[in-house]
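Survey of secondary and tertiary structure
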Amino acid sequence: MIRRAKISEIPDILTICKACASYMISKGIYQWNEHYPSADAFGKDIQRDELYVLELDEKIIGTIVISTLMDDEYVSVKWLTPNSNNVYIHRLSIAPDLQRKGYAQKLMDFAENYAKENGFVSVRLDTFSQNKRNQRFYEARGYQRLGDIFLPKQSEHPFHCFELVL
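1. Concerning helix 4 (residues 132-140)
Looking only at helix 4, the buried set comprises Gln 135, Phe 137 and Tyr 138. Buried residues along helix 4 cover an arc of 160° about the axis, so they all sit on one side. Every exposed residue of helix 4 that faces more than 90 degrees away from the buried side is listed here: Arg 136 and Ala 140. In this fold, the buried residues of helix 4 make contact with strand 4 (86-94), helix 3 (103-117), strand 5 (122-128) and strand 7 (159-165). In the stretch just after helix 4, Gly 142 is the one whose phi turns positive, near 95°.

In structure tokens form, the structure reads like this:
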């Protein structure tokens, strides 16, 4: 089941994200670290009703943020659609021991359906340039790779921006 997250669930959400960060680091992917994602970021997501969790047997196993806010870092990107009616995906995570079972696909299906049902023209996101698996995941879903952005608190390497026109 996918539903909106609650403030009281932030510790469980952080546990999943920290496990994902450790898993990625073990694969040489330094995408998430001690600065990101943070409890503060998740708290703001919840206040805006933008953080969703995926539950399996009443246990949170994944997260996704579906936001209408365009981060400042995205302003320079040459997007495929105007910057007025888009959703942005952030902090997609699945507990490492449950990855490769289609749960990330479920969260993305949910986000894309949410965007369509609410009249948005596209779904936008970024993924780490060193995370080839994520890039293939989004490309297989029909996302087009556009420009790069830099998030210095996360990495010296760029993040690739992707957009799916609905």
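2. Notes on the side chain of Ser 122
For Ser 122, the position within the fold is in strand 5. Since its relative accessible area comes to 0%, Ser 122 is described here as buried. Side-chain polar atoms of Ser 122 contact the side chain of Glu 163, separated by 2.6 Å. Sequence-distant contacts of Ser 122, that is, excluding residues within four places in its chain, are made with Thr 81, Asn 85, Asn 86, Val 87, Glu 163, Leu 164, Val 165 and Leu 166.

3. Re the packing of helix 1 (residues 10-26) against helix 2 (residues 39-47)
The N-to-C vectors of helix 1 and helix 2 enclose an angle of 125°; their axes lie 10 Å apart at closest approach. Viewed along their axes, helix 1 and helix 2 adopt a mutual orientation that is oblique. Seen along the crossing, helix 1 lies across helix 2 with a hand that is right-handed. Where helix 1 abuts helix 2, its residues Ile 10, Ile 13, Leu 14 and Cys 17 lie against Ala 39, Phe 42, Gly 43 and Ile 46. Here the residues of the contact of helix 1 with helix 2 are counted per class, giving seven nonpolar, one polar and no charged.

4. So, the layout of surface pockets
Estimates place the volume of the largest pocket at around 1,300 Å³. For the lining of the largest pocket, the secondary-structure elements that each account for two or more residues are helix 1, helix 2, strand 3 (59-67), strand 4, helix 3, strand 5 and helix 4. With six residues, the single largest contributor to the lining of the largest pocket is strand 4. Each residue belonging to the lining of the largest pocket can be placed in one class, and the counts come to 22 nonpolar, 13 polar and 14 charged.

5. A short note on helix 3
The terminal C-alpha atoms of helix 3 lie 21 Å apart, and with 15 residues this matches the ideal 21 Å at 1.5 Å per residue to within 8%. Every buried residue of helix 3 is listed here: Tyr 103, Leu 107, Met 108, Ala 111, Glu 112 and Ala 115. Within two residues after helix 3, Gly 119 carries a phi angle of roughly 75°, on the positive side.

6. A few points about the state of the cysteines
Tallied over the entire structure, the rule returns zero disulfides. Cys 17 takes part in no disulfide bond, and the closest cysteine sulfur to it belongs to Cys 20, at a distance of 6.0 Å. Relative accessible area serves as the criterion here: at 1%, Cys 17 is assigned to the buried category. Considering cysteine sulfurs only, Cys 17 is the nearest to Cys 161, which forms no disulfide, with 20 Å between them. Look at Cys 161 and you get buried, because its relative accessible area is 0%.

Procedures and definitions
Residues numbered from 1 in each chain as written. Predicted model: local features only at pLDDT ≥ 70, side-chain atom pairs only at ≥ 80, totals over all residues. Heavy atoms only, no water. Buried < 20%, exposed > 50% of the residue type's maximum accessible area, 1.4 Å probe, protein only. Helix = DSSP H or I, 4+ residues; strand = E, 2+ residues; numbered from the N terminus. Arc of directions from axis to C-beta. Contact = heavy atoms within 4.5 Å. Polar contact = N/O pair within 3.5 Å; in protein donor to acceptor, adjacent residues only side chain to side chain. Axes fitted to C-alpha atoms, helices over the stretch in contact; angles between N-to-C directions. Parallel < 35°, antiparallel > 145°, perpendicular 65-115°, else oblique. Left-handed = near helix turned anticlockwise from the far one by under 90°. Nonpolar A, V, L, I, M, F, W, Y, C, P; charged D, E, K, R; others polar. 1 Å grid on protein atoms, 1.4 Å probe; cavity = no way out; pocket = protein on both sides within 12 Å on 5 of 7 lines; lining within 4 Å. Points joined across faces, edges and corners; volume = space filled by probe spheres on them. Expected span 1.5 Å × (residues − 1). Disulfide = S-S within 2.5 Å.

Limitation: the analysis is restricted to geometry and does not speak to function.
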